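The chain contents come next:
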There are 2 protein chains.
Amino acid sequence: MQPKAITHHGKPLGGARFPAICAPLVGRTREALLAEAAAVAEKQPDLIEWRVDFYEGIGDAKGVAELAGRIKHVCQGLPILFTCRWSREGGEKISLSQAEVTRLHRAVCESGHVDFIDFEMGNEPDHVRQVREASRANATQLILSFHDFQRTPAIEELNRRFAQAEQLGADVAKVAVMPGEMQDVLVLLAATLQSSQKLRIPLVSMSMAGAGAVTRLCGGAFGSALSFAIGQSASAPGQMPIEDLATALAIVRKALGPSR
Amino acid sequence: MQPKAITHHGKPLGGARFPAICAPLVGRTREALLAEAAAVAEKQPDLIEWRVDFYEGIGDAKGVAELAGRIKHVCQGLPILFTCRWSREGGEKISLSQAEVTRLHRAVCESGHVDFIDFEMGNEPDHVRQVREASRANATQLILSFHDFQRTPAIEELNRRFAQAEQLGADVAKVAVMPGEMQDVLVLLAATLQSSQKLRIPLVSMSMAGAGAVTRLCGGAFGSALSFAIGQSASAPGQMPIEDLATALAIVRKALGPSR
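Residues numbered from 1 in each chain as written. Chains lettered and ligands numbered in written order. Predicted model: local features only at pLDDT ≥ 70, side-chain atom pairs only at ≥ 80, totals over all residues. Heavy atoms only, no water.

A.B. asks: Just checking my understanding: could you explain the packing of aromatic side chains for this structure?
C.D. replies: How two aromatic rings sit relative to each other is set out by the distance from centre to centre and by the angle between their planes. Tallied over the full model, the rule gives four aromatic pairs over all chains. Where B:Trp50 meets B:Phe82, the ring centres are 5.7 Å apart and the plane angle is 80°; that geometry is what we call edge-to-face. Here B:Trp50 is found in strand E4 (residues 47-51), whereas its partner B:Phe82 is found in strand E5 (residues 80-83), with 32 residues between them in sequence. Among the aromatic residues, those joined into a cluster by ring pairs are A:Trp50, A:Tyr55 and A:Phe82. The residue whose ring lies beneath A:Lys174 is A:Phe228, and the NZ or CZ to ring-centre distance is 4.6 Å. (Phe/Tyr/Trp six-rings, centres within 6.5 Å; stacked < 30°, edge-to-face > 60°. Helix = DSSP H or I, 4+ residues; strand = E, 2+ residues; numbered from the N terminus. Lys NZ or Arg CZ within 6 Å of the ring centre and 35° of its normal.)

Below, the structure written as structure tokens:
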């Protein structure tokens, strides 16, 4: 069974390539971000993620929405994913309250400058609802995500997280976990395979750090629709340079056969 | 835990690279084989496998032993693995009896021209013993192998096969199976991981065909010491060109981190 691709304007992200490749932007200043966006866009990822938790101006929602538009412009038509990761899920320390983060997402959706937003499913249900409504009203796709930087939960828990994203109305479900040993990498791949055969929405998964790197290369064969790679700087442990990932994915796709 | 490497003259096959790469020779005539050996050796695999079941002169044990020496010479010091695969385990149809195949292995061991022989653990126990003795007496390492071209047995059965090779005195255990679905690929990787942590000898495993191709790339991270790639022609379904495998393995090793 061909796993479900993430779509953008009705077309699969990255065309016939599965999984698609996403590269993050982690600049701290407006100037650094725009330079990074231009350099990363040159490398032709299928999606560019702005990790706004790295940005020093995160407290100004209006300014963030405007800057999203500048980034979109610099990236010349590449779809943009907007992500504010809490430090408890692997992001930078930010001084915003949950309500402020939710308002930030609403402002960015309403700006129309981004194509996807990532919101953690562990946020308060009322905030998930607000963001779901704002994204739907502005044709922005919602990725609901779960991260565990300490360990890899059991397969049942991973499957439950994928299903929870769908139940909460996500367009895409994402799970990223840390392996303690190689067996954990197989648990993540098994959950990805099982959930990708059950969910109606596409999903994204990865096992992090060096031990999990094989999931960034081979996760697509088990149902993960997107793999994150370094454009200029990593945003999570285990990401490899986009050139390496693209080269290895092309070899994997060729080996898997014509259907991939 | 670093998986066990296959050694040759006390050094890990392929130096610091894990897994090592093996390319098969499948020529039908002496002339074709020597040309193939020269071309494949140019591509610098870590090991060259002569699949003698493809060779039209297989019935002449003395001629085979002599030709092994010519191949060894043409390959300029690369270690040689000698394999006669039964058709029931994925090989060509040959007209030899089990006793004749066993005699062939003894003759090749006694010639001193090959470094490894592959013998199927499903052969009659007395023949396995004879080949074990001949290989030990001539400092030829013995790979005891199990193949299933129809399906992927349950994990307990796969672990039993790895353990059986060690119990029968193998220097290396090998298991190659066919996946029906992607879950089978995870079963093969899980068995590889479990057995590599239990066995005292190195092991080799692969899930075949397109679906199993990820094991040729990532099996090393789960304990498989050797990956087979196409030098000039494939000897089993799912093998990829040696250039592709070497490129992808270098990316995987870099991503896994300095210990690999």
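Picking up where we left off.
A.B. asks: What is the right way to read the sheet that holds strand E7 (residues 141-148) of chain B from this model?
C.D. replies: Pairing between the strands of a sheet comes from backbone hydrogen bonds, and it takes one of two forms, parallel or antiparallel. All names here are of chain B. If you walk across this open sheet you meet the eight strands as E9-E8-E7-E6-E5-E4-E3-E10, and the pairing is parallel. The strands lining the two open edges of the sheet, one partner per strand, are strand E9 (203-207) and strand E10 (226-228). Going across the sheet, the axis of each strand differs from the next one's by a mean of 25°, ignoring polarity. Here three bridges tie strand E3 (residues 20-25) to E10, and the two strands are oriented parallel to one another. In the strand pairing of E10, Ile-21 is matched with Ser-227. (Pairing = 2+ DSSP bridges. Axes fitted to C-alpha atoms, helices over the stretch in contact; angles between N-to-C directions.)

A.B. asks: Help me out: how do you make sense of the pattern of salt bridges in this one?
C.D. replies: Side-chain pairs of opposite charge can arise where the charged atoms are in close proximity. Tallied over the entire structure, the rule returns 32 salt bridges over all chains. The residue A:Glu157 makes a salt bridge to A:Arg160 at a minimum N-O spacing of 3.3 Å. Taken together, the positions of A:Glu157 and A:Arg160, both in helix H5 (residues 155-167) and three residues apart, correspond to about one turn of that helix. Judged by its relative accessible area of 45%, A:Arg160 falls in the partly exposed class. With a closest N to O distance of 2.9 Å, B:Glu66 and B:Arg30 form a salt bridge. Placement of B:Glu66 in helix H2 (residues 61-74) and of B:Arg30 in helix H1 (residues 30-42) is noted, with a sequence separation of 36 residues between them. According to the relative accessible area criterion, B:Arg30 is partly exposed, its value standing at 34%. Several salt bridges share partner residues, and in doing so they unite A:Arg85, A:Arg88, A:Asp118 and A:Glu120 into one network. (Salt bridge = Lys/Arg side-chain N within 4 Å of Asp/Glu carboxyl O. Buried < 20%, exposed > 50% of the residue type's maximum accessible area, 1.4 Å probe, protein only.)

A.B. asks: Looking at this structure, how should I read the environment of A:Gln232?
C.D. replies: All names here are of chain A. Note on placement: Gln-232 falls in the loop between strand E10 (226-228) and helix H8 (242-256). Taking C-alpha positions, Gln-232 is 21 Å from Asp-115, a pair spaced 117 residues apart along the chain. When sequence neighbours within four positions are dropped, the list of residues in contact with Gln-232 reads Glu-36, Ala-39 and Val-40. (Contact = heavy atoms within 4.5 Å.)

A.B. asks: Can you help me understand the interface of chain B and chain A in this one?
C.D. replies: How big an interface is tends to be reported as the loss of accessible area on association of its parts. Opposite the 25 residues of chain B that make contact, chain A presents 25 residues. Where chain B abuts chain A, roughly 2100 Å² becomes buried across the two surfaces, and 81% of that area is made up of carbon and sulfur atoms. At the junction of chain B with chain A, the criterion picks out two salt bridges. Residue B:Lys254 is joined to A:Asp244 by a salt bridge in which the shortest nitrogen-to-oxygen separation is 2.6 Å. Between the two partners, chain B and chain A, sit two residue pairs in polar contact (both at pLDDT 80 or more). Elements supplying a minimum of two residues to the side of chain B that touches chain A: helix H6 (182-198), helix H7 (209-218) and helix H8 (242-256) of chain B. It is H8(B) that provides the largest number of residues to the side of chain B that touches chain A, a total of eight residues. Among the residues forming the side of chain B that touches chain A, the class breakdown is 20 nonpolar, three polar and two charged. (Buried area = accessible area lost by both parts, 1.4 Å probe. Polar contact = N/O pair within 3.5 Å; in protein donor to acceptor, adjacent residues only side chain to side chain. Nonpolar A, V, L, I, M, F, W, Y, C, P; charged D, E, K, R; others polar.)

A.B. asks: Looking at this structure, I do not really get the relation of the copies chain B and chain A. What am I missing?
C.D. replies: Both copies of the chain are related by one operation, a rotation about an axis with a shift along it. With an RMSD of 0.0 Å, the fit of chain B onto chain A corresponds to turning through 180° and sliding 0.0 Å along the axis. What we have between these two chains is a two-fold relation. Relative to the rotation axis, the closest C-alpha in chain B is found at B:Ala248, a distance of 2.6 Å. With an isologous cut-off of 70% or more, the 100% of interface residues of chain B that recur at the interface of chain A puts this contact in the isologous class. (Least-squares fit on C-alpha atoms with pLDDT ≥ 70 in both.)

A.B. asks: In this structure, what is going on with the side chain of B:Thr192? I would like to understand it.
C.D. replies: Residues and elements named next belong to chain B. Assignment of secondary structure puts Thr-192 in helix H6. Among the residues examined, Thr-192 registers a relative accessible area of 0% and is labelled buried. A distance of 2.7 Å separates a polar atom in the side chain of Thr-192 from the backbone oxygen of Leu-188. Look past the residues within four positions of Thr-192 in its chain and what remains in contact with it is Phe-162, Leu-203, Ser-205, Phe-222, Gly-223 and Ser-224.

A.B. asks: Quick question: what am I supposed to make of the sheet that holds strand E3 (residues 20-25) of chain A here?
C.D. replies: All names here are of chain A. With parallel pairing, the eight strands of this open sheet are ordered in space as E9-E8-E7-E6-E5-E4-E3-E10. Of all strands in the sheet, those with a lone pairing partner are strand E9 (203-207) and E10, marking the two edges. Strand-to-strand twist in this sheet, taken as the mean axis angle between neighbours without regard to direction, amounts to 25°. Inspection of the sheet shows strand E6 (residues 116-120) paired to strand E7 (residues 141-148) by five bridges, in the parallel sense. Bridge pairing in E7 links Ile-117 to Leu-142. Together, strand E5 (80-83) and E6 form the strand contacts of helix H3 (residues 98-111), whose direction differs from that of E6 by roughly 165°. Running over the sheet, H8 touches E3 and E10 and is turned about 175° from E3.

A.B. asks: Which parts of the structure should I look at to understand the pairing of strand E8 (residues 172-177) of chain B?
C.D. replies: Both faces of the sheet carry side chains from a regular strand, because those side chains alternate between them. Residues and elements named next belong to chain B. In terms of residue burial, E8 counts as a mostly covered element, since six of its six residues are buried. Where burial is concerned, the two faces of E8 agree: the one with Val-172, Lys-174 and Ala-176 and the one with Ala-173, Val-175 and Val-177 are both buried. In this sheet, E8 lies alongside E7 in parallel orientation, the contact comprising six bridges. Along E8, the bridge assignment pairs Ile-143 with Val-172. Each parallel crossover has a hand, and for E7 linked through helix H5 (residues 155-167) to E8 it is right-handed. In terms of strand pairing, E8 meets E9 through five bridges, oriented parallel. (Right-handed = clockwise from strand over helix to strand, strands pointing away.)

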